[in-house]
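# A structural walkthrough
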Amino acid sequence: MTDPFSPDSPDPDAPGPPAWVELADGQSVTAQVIGRIHRPGPGGDWWYELRLPIWAEAQLPDRITVVPDSIIFRVPARLVTPIEDIDYSGVPTRRERPPGRPPRSNPAAPAGRWSVQHLPAPMGGPGRRVIHHESCWLPTGDPDLTLDQALRELARPGSEACAACDARHLSRS
């Protein structure tokens, strides 16, 4: 069994046992079981990650042909039926963490790390600081602040949220 709180999905390239899966149109096909995931909360419970073999178009220099390929998808356990006499004990299993509460200080703020850009002060004036999200396209250095630290920086006089990135969703508290 894998680490029960691992953020990683099961290895989609690892071999796994076959099982029957019901498709959206009611067909039942065999798919390879590559992982089991327990998802707590509404709509959660047990889910399976499966690989379904398909054909894919391949463009060769002199013709178009088909080659074996596969798709990876997840379905609730109720849509998967084990095949008799198949051993599923080696299927990687993990439990997701319950959904966390959004930050109390700003529920609309995106997750991630933050940075502060120090701008030069005009002659005789106060300096300015711009708070950036790690996804910002403006180069500001390493994002090394947590959300709470970024909110404290934003509350300081002379600070503002970047209008070009997800920092614009931060509100002054």
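Residues numbered from 1 in each chain as written. Predicted model: local features only at pLDDT ≥ 70, side-chain atom pairs only at ≥ 80, totals over all residues. Heavy atoms only, no water.

Strand order in the open sheet made by the three strands is E7-E8-E9, with mixed pairing throughout. In this open sheet, the two strands that pair with only one neighbour each are strand E7 (114–119) and strand E9 (159–161). Shown here is a sheet whose adjacent strand axes are inclined to one another by a mean of 30 degrees, direction ignored. Inspection of the sheet shows E7 paired to strand E8 (residues 128–133) by six bridges, in the antiparallel sense. Bridging from a neighbouring strand, Trp114 pairs with His133 of E8. (Pairing = 2+ DSSP bridges. Helix = DSSP H or I, 4+ residues; strand = E, 2+ residues; numbered from the N terminus. Axes fitted to C-alpha atoms, helices over the stretch in contact; angles between N-to-C directions.)

Scanning the model with the defined rule gives zero aromatic pairs in all. For the cation-ring pair, Arg39 lies above Trp47, with the distance from its terminal atom to the ring centre recorded as 4.9 Å. (Phe/Tyr/Trp six-rings, centres within 6.5 Å; stacked < 30°, edge-to-face > 60°. Lys NZ or Arg CZ within 6 Å of the ring centre and 35° of its normal.)

It is worth spelling out the nonpolar core at this point. Looking at soluble globular proteins, one finds that nonpolar side chains tend to be buried together. Core analysis: the biggest nonpolar cluster contains 14 residues, and Trp114, Ile131, Leu147, Cys162, Cys165, Ala167 and Leu170 have the highest contact counts within it. With four residues, helix H1 (residues 147–155) is the single largest residue contributor to this core. Core analysis: the next-biggest nonpolar cluster, separate from the first, contains twelve residues, Val21, Tyr48, Leu52 and Val75 among them. (Core = buried A, V, L, I, M, F, W, Y, C linked by side-chain atoms within 4.5 Å. Buried < 20%, exposed > 50% of the residue type's maximum accessible area, 1.4 Å probe, protein only.)

Take the pairing of strand E1 (residues 18–22) next. Along any regular strand the residues' side chains alternate between the sheet's two faces. Of the two faces of E1, the one lined by Ala19 and Val21 is fully buried and the one lined by Pro18, Trp20 and Glu22 carries no buried residue. Summarising the sheet, E1 and strand E2 (residues 28–39) pair through five bridges and their orientation is antiparallel. Within E2, the residue paired with Val21 across the bridge is Val29. Between E1 and E2, which pair antiparallel and follow one another directly, the connecting turn spans five residues, one of which, Gly26, has a positive phi of 95 degrees.

With that settled, the discussion passes to unusual backbone geometry. Residues other than glycine seldom take positive phi values, yet Asp85 does so here, at roughly 70 degrees. Residue position: Asp85 is located in the loop between strand E5 (80–82) and strand E6 (93–95).

Looking now at the confidence of the model for the protein. On average, residues of the protein score 79 in pLDDT, and 77% of them are at 70 or above. pLDDT under 50 marks residues 1–9. Its contacts with residues more than four places away, or in other chains, come to 16 contacts. (pLDDT = per-residue confidence, 0-100. Contact = heavy atoms within 4.5 Å.)

The subject of this paragraph is the pairing of E8. Along E8, five of the six residues are buried, which leaves the element largely enclosed by surrounding structure. Relative to E9, E8 is paired through three bridges, and the arrangement is parallel. Among the inter-strand pairings, Arg129 is bridged to a residue of E9, identified as Ser159.

Before going further, it helps to spend a moment on H1. When we look at burial in H1, the residues that qualify are Leu147, Ala150, Leu151, Glu153 and Leu154. End-on view of H1: buried residues confined to an arc of 160 degrees, all on one side of the axis. Looking at the buried residues of H1, the elements they touch are E7, E8 and E9. (Arc of directions from axis to C-beta.)

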